[in-house]
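Observations on chain architecture
Listed below, chain by chain, are the residues.
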Amino acid sequence: MIIGITGGIGSGKSMVCRELQEMGYPVYDTDKEAKRLILHQEDVHQQIEQLFGPEVFAHGAYQTAWVAQQVFADPSLLAQLNAIVHPAVKEDIRRWAAEQTESKWLFVECAILYEAGMDVLCDKVVCVSAPEEVRLERVIARDKSDINKVRARMRAQKAEEYEQRANKVLNNGGTKSIQTLCQELIGYLGEL
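Below is a short write-up of the structure. Each chain carries its own residue numbering, running from 1 in the direction its sequence is written. Owing to the predicted nature of the model, reporting of local features is limited to residues with pLDDT of at least 70; listing and counting of side-chain atom pairs is limited to 80 or more, with chain, interface and lining totals taken over all residues. For the side-chain quantities, the full set of heavy atoms in the structure was used; hydrogens and water were omitted.

1. A few points about the nonpolar core
Heads up, the condition is: Residue types Ala, Val, Leu, Ile, Met, Phe, Trp, Tyr and Cys, when buried and joined through side-chain atoms within 4.5 Å, form a set referred to as a nonpolar core. Here's how the labels work: a residue is buried when its accessible area is under 20% of the maximum for its type, exposed when over 50%, partly exposed in between, all with a 1.4 Å probe on protein chains only. Helix numbers and strand numbers start at the N terminus; a helix is a DSSP run of H or I with at least 4 residues, a strand a run of E with at least 2. The criterion used for residue contact is that any of the two residues' heavy atoms lie within 4.5 Å.
Formed by 35 residues in total, the largest nonpolar core has its most connected members in Ile48, Phe52, Tyr62, Leu81 and Val89. Within the residue set of this core, elements represented by two or more residues are helix H2 (30-40), helix H3 (42-52), helix H4 (64-73), helix H5 (75-99), strand S3 (106-109) and strand S4 (124-129). Those residues within four positions of Ile48 in sequence are excluded, and the remaining contacts are Ile38, Gly53, Val56, Phe57, Tyr62, Leu81, Ile84 and Val85. One finds Trp105, Phe107, Val126 and Cys182 within the second-largest nonpolar core, a separate group that totals 19 residues.

Have a look at this one:
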């Protein structure tokens, strides 16, 4: 069974996924794996270079900040980039899931699970949630970022929609430990 883990920025989905890994469960981190595919999967690498030009891989590294500037200035570039990366990630998740024979639950961490269409690969979706002010404080502390930039990133996401569409919501507002939330999740899955 594949369980998607999603939630708005600062909700704690990565912390939940790290704890699940520590508990021995396989977790596929879509952000990390997308970066790997961009750099090392030849067809993905070539298509991105074709889209942005050779400067996208200056000094042998994917120029993430430069790409972010380009796609925020031109939304059609973002759509084209997503059309390259998202199908490659989906295929990689399928490959990864097929290789996992030791665990009955596989977790896929994806901030944009619904937007990227990754939810179709999941048997269940779990949303990690936290109040907006808590999320704001966490992101500012973690990224040392400007409050207005964080608010803009939060507005771009659809955290409330994630909660409504999920099969299970884990409230990570700070009253329960991450370990407790993960035990709650495993209990829920055990009842299915």
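2. Considerations on unusual backbone geometry
In the Ramachandran plot, His59 falls in the positive-phi region, its phi being about 60° despite a non-glycine side chain. In this fold, His59 is placed in the loop between H3 and H4.

3. Points about the packing of aromatic side chains
Keep this limit in mind: When the centres of two rings from Phe, Tyr and Trp lie within 6.5 Å, Trp using its six-membered ring, the rings pair. Their planes under 30 degrees apart give stacked, over 60 give edge-to-face, and anything left gives tilted.
Considering all chains together, one arrives at six aromatic pairs under this definition. Ring plane angle 40° and centroid distance 6.0 Å describe the contact between Tyr25 and Trp105, whose orientation is recorded as tilted. Of this pair, Tyr25 sits in the loop between helix H1 (13-22) and strand S2 (27-29) while Trp105 is found in the loop between H5 and S3, placing the two residues 80 residues apart along the sequence. Here the two residues Tyr25 and Trp105 agree in accessibility, since each one is buried.

4. A few points about the packing of H2 against H5
Cut-off, in case you're wondering: All axes here are fitted lines through C-alpha atoms, helices being fitted over the stretch that makes contact, and every angle between N-to-C directions spans 0 to 180 degrees. Under this scheme an angle from 65 to 115 degrees is roughly perpendicular, one under 35 degrees roughly parallel, and one over 145 degrees roughly antiparallel; angles in between are oblique. In the scheme used here, Gly and all other residues not listed as nonpolar or charged are polar, with Ala, Val, Leu, Ile, Met, Phe, Trp, Tyr, Cys and Pro taken as nonpolar and Asp, Glu, Lys and Arg as charged.
H5 packs onto H2 with a crossing angle of 110° between their chain directions and a minimal axis gap of 10 Å. In terms of their interaxial angle, H2 and H5 are classed as roughly perpendicular. Packed against H2, whose contacting residues are Thr30, Glu33, Ala34, Arg36, Leu37 and Ile38, the element H5 presents Val85, Ala88, Val89, Asp92, Ile93 and Arg95 at the interface. Tallied by class, residues from the contact of H2 with H5 come to seven nonpolar, one polar and four charged.

5. Things to note about the layout of surface pockets
Empty space among the atoms can be located by rolling a probe the size of a water molecule over them. Basically, it comes down to this: Cavity and pocket criteria rest on a 1 Å grid covering protein atoms alone: a 1.4 Å probe that fits but cannot get out defines a cavity, protein on both sides within 12 Å along at least 5 of 7 lines defines an open pocket, and an atom within 4 Å of a point defines a lining residue. Grid points are joined across faces, edges and corners, and a volume is the space filled by probe spheres set on the points.
By volume, the largest pocket amounts to about 1800 Å³. Of all the elements in the fold, those that place two or more residues in the lining of the largest pocket are H1, H2, H4, H5, helix H6 (132-143) and helix H7 (147-156). Broken down by element, the lining of the largest pocket gets its largest block of residues, six residues, from H5. Its boundaries defined by the atoms lining it, the second largest pocket holds a volume of some 160 Å³. Elements represented by at least two residues in the lining of the second largest pocket include exactly H1, S2 and H2. Top contributing element to the lining of the second largest pocket by residue count: H1, with four residues. Across the lining of the second largest pocket, the residue classes tally to four nonpolar, two polar and five charged.

6. Topic: the state of the cysteines
Test applied: For this text, the term disulfide refers to a pair of cysteine sulfurs within 2.5 Å.
Under the counting rule described, the total for this entry stands at zero disulfides. With no disulfide of its own, Cys122 lies closest to Cys110 among cysteine sulfurs, the gap being 8.2 Å. What makes Cys122 buried here is its relative accessible area of 14%. Cys182 forms no disulfide, and the closest cysteine sulfur to it belongs to Cys17, at a distance of 7.9 Å.

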